Each structure stands twice: as structure tokens, then as C-alpha cells.
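This is what each chain is made of:
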Amino acid sequence: MKILLTGCSGQVGYELERSLQGLGEVIAVDRGRMDLSDLDQVRDVIRAVQPKLIVNPAAYTAVDKAESEPELAHRINAEAPGVMAEEALRLGAALVHYSTDYVFPGDDPGARVETDATGPLNVYGASKLAGEQAIVASGVPHLILRTSWVYGMRGKNFLLTMLRLARERDELRIVADQHGAPTWSRTIADTTATILAQARAHGFAADWWAEHGGIYHLSSQGQTTWFEFTQAIVEQAGIECRLVPIGSAEYPTPARRPQYSVLSSQRLLDRFGHVPHWREALRLCMQ
């Protein structure tokens with residue numbers, strides 16, 4: 001069985017290329033071979049590969065830049081997944097896609113469940129929500145995995161930025177009033193593989209997708225703030241750096257961020273098993 005993996009040079013795609021081995025023949029493509037801003041190229045690659053499963057972690061993830069590039073963000077995050085869904089449906093294939101906590105407005109301190117009302121605050125979140133909607137509307141068998149505050153030891157992410165800045169500076173001012181759950185890219189990849197191993201055991205049959213497909217939250221257990229996350233990072237790394245908590249108003253950004261960005265992964269836990277606490281995942285990532 002052929003599995004087409006997009007965005008293999010990204011932090012989640014890199015981990016997926018490893019974790020999906022053994023589930024099928026993984027054909028991993030990066031932006032050089034499949035640029036999601038080129039919808040014709042997306043179609044051409046899918047038709048050439050003829051996969052039975054498409055796994056799509058590729059995305060436009062520059063949250064602030066998206067405010068000045070809304071058309072490009074929408075093409076990559078909404079139109080391209082819609083094309084993938086259409087092509088997968090035509091092939092009798094399934095689609096695994098990744099979305100974000102930013103589809104929610106984040107005005108409620110409770111953890112969001114999959115059926116809660118969406119309401120993105122920024123262009124990035126709106127483009128990701130539109131991608132979800134295009135996939136669902138297509139009727140393709142699918143999994144949409146919403147995750148949050150993704151980090152890892154490669155690419156561009158908060159963890160690597162804080163490690164660099166903490167080594168360069170004596171003091172860092174970090175936002176302390178935004179709440180969420182940092183999620184290791186390897187957690188996302190390994191959990192995806194666990195789910196797909198179950199699907200494979202059932203022959204990737206239509207009835208498995210009908211029963212188990214849909215939207216799930218895949219986020220680390222627990223919650224924290226960017227300030228507390230940074231504290232854990234510098235402590236784990238053994239770096240001496242003074243951290244000063246600040247409010248969001250003291251660090252304005254082009255894109256508005258949700259104040260409460262916590263996702264409940266209970267639906268996924270009930271069906272597919274363990275997701276680690278964010279502190280344990282961070283320790284494993286940095287060891």
C-alpha cells in the first residue's frame with residue numbers, strides 16, 4: 001500500500017516519515033516536489049503516485065505573516081487540502097490531515113472538545129478551519145487531528161527559539177497569560193502511526209473509517225503558559241537566564257492569539273490510547 005506523505009522536511013513530517021514505516025510504502029515529498037501553493041502540482045503528484053493514503057502535515061504556519069499573505073495562506077491551508085480530498089476520493093483513498101487549536105477563539109478557560117463552536121481570531125486559524133471544512137465536505141474517508149503549540153528539535157519552533165535566546169541574553173520577557181499545551185512533533189507522529197496501525201489491522205476498510213474517522217484533538221496532557229513552558233525549557237537545558245512574565249498587551253503581534261488554547265484529547269484517548277503529559281514529552285525531547 002502506498003502512503004503519500006507531504007511536507008517531509010517539516011518538524012512533523014520528518015517524524016512521520018520515521019513513524020509510518022511498516023504501515024506501507026511511504027513516498028515522502030517536500031515542497032520542492034509538491035508545493036501546496038501550486039494546486040495543479042498537488043493534483044499531478046497524487047495522480048502519479050496513486051496512493052491509498054495521503055498524510056498531510058504540510059501547511060502555511062507563519063501565523064503573523066499570514067496576516068499580510070491571506071491569499072497564500074488560504075491556498076496552502078484550505079484549497080490544497082481540498083484538492084487532496086477530491087483526489088483521494090477519486091482514487092478510493094483516505095486522508096489524514098493536521099489542524100490547529102487556533103480554529104477556536106480561546107475566550108473560555110475550559111479545554112475545547114471537538115464539537116465546540118469554532119471562531120478563529122486570525123488569518124492562519126481561518127485558513128486551517130477552511131481546510132477542515134473542505135475535507136469534511138468532500139466526503140473522503142479522513143482523520144483531522146487538531147494539535148497545539150507544536151515543537152521539536154528541528155525546524156522553527158518556540159523551543160528552539162527560547163534555547164537560542166536564553167543562551168544569548170541575560171533576561172527574557174515571556175507572555176504569561178496565554179494558556180495551552182505544548183505538543184512534541186514526535187508525539188503527533190507516533191500517535192498517528194498508532195491510529196493507522198489499527199486502521200491497517202482492519203484493512204483500511206471503509207467501515208473502519210466510517211466508525212473511527214473524523215476530527216480528533218491530539219494535544220499533550222496538561223496545560224501551561226508560554227512563560228511556564230520557557231521555565232521548563234531553560235531548567236531542562238541547565239541555562240541561567242532571568243525570565244520575566246508579561247501580559248499579551250506588552251508583546252503585540254500582527255495576529256491575535258487565543259488566550260485559552262487548551263484542547264481536550266479525551267476522545268482520542270478513549271479510542272486510541274495514551275498521549276503523554278507535556279512535561280514528560282519535553283523531557284524526552286531534550287534528553
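Not measured: the values here are computed from a predicted model.

Next up on the list: the sheet that holds strand 11 (residues 224–225). An order of 11-8-13 is seen for the three strands of this open sheet, with the pairing classed as mixed. Each end of this open sheet is capped by a strand with a single partner; those strands are strand 11 and strand 13 (260–261).

All right, on to the UniProt feature "domain: RmlD-like substrate binding" (unreviewed entry) in the protein then. This chain's UniProt record puts "domain: RmlD-like substrate binding" (unreviewed entry) on residues 1–286. Split by type, residues 1–286 is 42% helix and 17% strand. Its first and last C-alpha atoms lie 34 Å apart.

Before going further, it helps to examine unusual backbone geometry. Residues apart from glycine generally show negative phi values, whereas peptide bonds are mostly found in trans. At Gln-50, a residue that is not glycine, the phi angle is positive and equals roughly 55 degrees. With respect to the helices, strands and loops of the structure, Gln-50 is situated in the loop between helix 2 (39–49) and strand 3 (53–56). For Trp-149, which is not glycine, the phi torsion reads 45 degrees and is therefore positive. By the element assignment, Trp-149 lies in the loop between strand 5 (142–147) and strand 6 (150–151).

We now examine the pattern of salt bridges. Evaluated as defined, the whole model comprises 15 salt bridges. A salt bridge links Arg-31 to Asp-35; its shortest N-O distance comes to 3.9 Å. Residue Asp-35 is classed as buried on the basis of its relative accessible area of 19%. The partner of Arg-47 in a salt bridge is Glu-87, and the shortest N-O contact between them spans 2.8 Å. Residue Arg-47 is found in helix 2, and its partner Glu-87 is found in helix 3 (residues 70–91); the two are separated by 40 residues along the sequence. A relative accessible area of 41% places Arg-47 in the partly exposed class.

Thresholds applied
Residues numbered from 1 in each chain as written. Predicted model: local features only at pLDDT ≥ 70, side-chain atom pairs only at ≥ 80, totals over all residues. Heavy atoms only, no water. Pairing = 2+ DSSP bridges. Helix = DSSP H or I, 4+ residues; strand = E, 2+ residues; numbered from the N terminus. UniProt positions renumbered as here; feature names shortened; annotations may be inferred. Salt bridge = Lys/Arg side-chain N within 4 Å of Asp/Glu carboxyl O. Buried < 20%, exposed > 50% of the residue type's maximum accessible area, 1.4 Å probe, protein only.

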